[in-house]
Amino acid sequence: TPNVGVTNGSNAVAGNVGETISSTNVTTGAATTTNLVAITSITLTAGDWDISAIALLESLGGVFVANSASVVCISSTSASTAGTVQTLSYILFQANAAVTNSGQFGGIGVIPKYPTSVSSTTTYYLNASTSYTSTAPAWIGGIVARRVR
């Protein structure tokens, strides 16, 4: 039988075209320019998928380092050393160094679409890092995948 999607506006069942898997989370921790923090993850079964992600950086009272890059990435490796992580798709942005108060927005990283082909069940992670002083920031993020074949 073909791996068909749906035509009635309902959700596609597992294994069919259009199946969607997603996860969102809020994470705090040592998300520095040398270490990544895992925000959330999803596990995909064999097939072709389009993965996208978004992560918002929020100050929890610390100060972001001026002129330093923040990273948001989709990876098949959980959080690790930023320079050696097996990044599949990533975006760099500069955190707002003027943010000094708890709850203020520091920046956003968006990965609109990363197409991948999975031959066996694989976990994909949404990882991020930034430079800050004193209090570690919060990362608020989500990752979603849609089966395309």
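These remarks concern the structure in this document. (Residues numbered from 1 in each chain as written. Predicted model: local features only at pLDDT ≥ 70, side-chain atom pairs only at ≥ 80, totals over all residues. Heavy atoms only, no water.)

Regarding its fold elements, the protein chain presents 0 helices and 10 strands. In the protein chain, the order of α-helices and β-strands from amino to carboxyl end is β-β-β-β-β-β-β-β-β-β. For the protein chain, the residues scored as buried account for 39% of the 149 residues in total. Taking the contacts inside the protein chain whose residues are at least 6 apart along the sequence as the reference set, 77% of them involve residues at least 24 apart. (Helix = DSSP H or I, 4+ residues; strand = E, 2+ residues; numbered from the N terminus. Buried < 20%, exposed > 50% of the residue type's maximum accessible area, 1.4 Å probe, protein only. Contact = heavy atoms within 4.5 Å.)

Moving on: the pattern of salt bridges. Inspection of every chain in the model, using the stated rule, returns 3 salt bridges. The salt bridge partner of R147 is E19, with a shortest N-O separation of 3.0 Å. Linking R147 in strand β10 (residues 138-147) with E19 in the segment before β1 (20-28), this pair joins segments that are 128 residues apart in sequence. Residue R147 is classed as buried on the basis of its relative accessible area, which comes to 4%. E19 sits in the buried class, given a relative accessible area of 9%. (Salt bridge = Lys/Arg side-chain N within 4 Å of Asp/Glu carboxyl O.)

With that out of the way, let us pick up the pairing of strand β3 (residues 47-58). Note: β3 against strand β7 (residues 105-118), 11 bridges, orientation antiparallel. Residue pairing for β7: L57 is matched across the bridge by G107. Two strands pair when backbone bridges link them, and β3 and β10 are joined in this way by 10 bridges, in the antiparallel orientation. Looking at the pairing, S52 lines up with V144 of β10. (Pairing = 2+ DSSP bridges.)

What follows deals with a nonpolar patch on the surface. On the surface, I54, F105, I108 and V110 cluster together into a nonpolar patch covering about 330 Å² of accessible area. With 3 residues, the single largest contributor to the nonpolar patch is β7. With respect to the helices, strands and loops of the structure, I108 is situated in strand β7. The class of I108 is partly exposed, set by a relative accessible area of 36%. (Patch = residues over 30% accessible without salt bridge, like charges linked within 9 Å, V, L, I, M, F, W, Y side chains within 5 Å. Areas by Shrake-Rupley, 256 points an atom, 1.4 Å probe, with all protein chains shown as cover.)

So, on to the nonpolar core. Formed by 23 residues in total, the largest nonpolar core has its most connected members in L44, I51, V72, I74, Y124, W139 and I143. Among the elements that make up this core, the one with the highest residue count is β3 (5 residues). (Core = buried A, V, L, I, M, F, W, Y, C linked by side-chain atoms within 4.5 Å.)

In this section: the side chain of T40. Of note, T40 is situated in strand β2 (residues 37-44). The residues touching T40, leaving out its near neighbours within four places in the chain, are S23, T24, N25, Y124, Y125, L126, G141, G142 and I143.

Quick look at the environment of V4 now. Of note, V4 is situated in the segment before β1. With 144 residues separating them along the chain, V4 and V148 place their C-alpha atoms 10.0 Å apart. Not counting residues within four places of it along the chain, the set of residues in contact with V4 comprises N16 and V17.

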